[in-house]
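# Structural overview for review
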Amino acid sequence: MKKTVVVYESKYGYTKQYANWIAAALSCPVYERKNFYPANFASYDVIVYGGGLYAGGISGLKLLTRNWDLVKNKQVILFTCGLADPNNPDNVAHIKEAMSKTISPEILQNIAVFHLRGGIDYSRLRLPHRMMMSMLRKMLLKKEPCDLTSEDRELLATYGKSMDFTDQKSIAPLVKYIL
Ligand SMILES: Cc1cc2nc3c(=O)[nH]c(=O)nc-3n(C[C@H](O)[C@H](O)[C@H](O)COP(=O)(O)O)c2cc1C
């Protein structure tokens, strides 16, 4: 029986929801990144890490990249949780492009990656995040509509609202990959 652990970082709870669903489906422990010590990787064969997408980066991913030597001989699965719809190939291509700038080719070749859709509630955003989204919106409104990516359009369509796209069924491919 493979020993599996799910570790996540979540700023508003969407990634946390997925981490809990995945851990329940795999009957394994789940830890918030800040409560998980890298030395504990040694106790597991399969590591699932999940983080929210923030301006293309994956929240808390340094836990894996900085401790790659501790996990490189294990099965490592990464899931992202963002607002952009991962059923749209353009959005996935964009996430992958951003990942290739921050994650080394060695790591990318040795992990399985899944993309899940989270949500956003502007009334709960902390001030720096609210300001970032406001600046991004202003930049996007200056673009010609034909130059907007599908991700840009989704951001504009959901701006200021509360949207929750989390879907328990969408974890199925990730769970199947591990079992
Ligand atoms: C400042 C900011 C930047 C974001 N950047 C992205 C992004 O680049 N791509 C994306 O798909 N979603 C982006 N989002 C949306 C978050 O990824 C989404 O809210 C996610 O569900 C957050 O998960 P969490 O609550 O677990 O951290 C951004 C949200 C904020 C507030």
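Residues numbered from 1 in each chain as written. Predicted model: local features only at pLDDT ≥ 70, side-chain atom pairs only at ≥ 80, totals over all residues.

A separate point is the overall build of the protein. Across its full length, the protein holds 8 helices and 8 strands. Its C-alpha atoms give the protein a radius of gyration of 17 Å, near enough to 16 Å, the size a compact globule of 179 residues would have. For the protein, the C-alpha atoms occupy an extent of roughly 55 × 30 × 30 Å along the three principal directions. In the protein, which comprises 179 residues, the proportion classed as buried is 28%. Considering only intrachain contacts with a sequence separation of at least 6, the fraction spanning at least 24 residues in the protein is 78%. (Helix = DSSP H or I, 4+ residues; strand = E, 2+ residues; numbered from the N terminus. Rg over C-alpha atoms; globule rule 2.2 N^0.38 Å. Buried ≥ 20, exposed ≤ 12 C-beta atoms within 10 Å, placed from the backbone. Contact = placed C-beta atoms within 7 Å.)

For the rest of this paragraph, the subject is the packing of helix H6 (residues 127-142) against helix H7 (residues 150-158). As a packed pair, H6 and H7 sit with axes 10 Å apart at the nearest point and diverge in direction by 120°. Between H6 and H7, the angle falls in the class oblique. Crossing handedness for the pair H6 and H7: left-handed. For the pair H6 and H7, contact is made by Leu136, Arg137 and Leu140 and by Asp152, Leu155 and Leu156, respectively. For the contact of H6 with H7, the per-class residue count stands at 4 nonpolar, no polar and 2 charged. (Axes fitted to C-alpha atoms, helices over the stretch in contact; angles between N-to-C directions. Parallel < 35°, antiparallel > 145°, perpendicular 65-115°, else oblique. Left-handed = near helix turned anticlockwise from the far one by under 90°. Nonpolar A, V, L, I, M, F, W, Y, C, P; charged D, E, K, R; others polar.)

What follows deals with the pairing of strand E1 (residues 4-9). Here E1 lies mainly inside the structure; 6 of its 6 residues are buried. Alternating residues of E1 divide into Thr4, Val6 and Tyr8 and Val5, Val7 and Glu9, and every residue in both groups is buried. Pairing geometry for E1 and strand E3 (residues 46-54), over 6 bridges, is parallel. In the sheet register, Tyr8 faces E3, and the bridge partner there is Gly50. Taking the sense of rotation as the criterion, the β-α-β connection linking E1, helix H1 (residues 14-26) and strand E2 (residues 30-32) turns out right-handed. (Pairing = 2+ DSSP bridges. Right-handed = clockwise from strand over helix to strand, strands pointing away.)

Before going further, it helps to examine H1. In this model H1 runs 19 Å from its N-terminal to its C-terminal C-alpha over 13 residues, within 8% of the 18 Å that 1.5 Å per residue would give. The complete set of buried residues in H1 reads Tyr14, Thr15, Lys16, Gln17, Tyr18, Ala19, Trp21, Ile22 and Leu26. Remark: Ser27 follows H1 within two positions and exhibits a positive phi of approximately 50°. (Expected span 1.5 Å × (residues − 1).)

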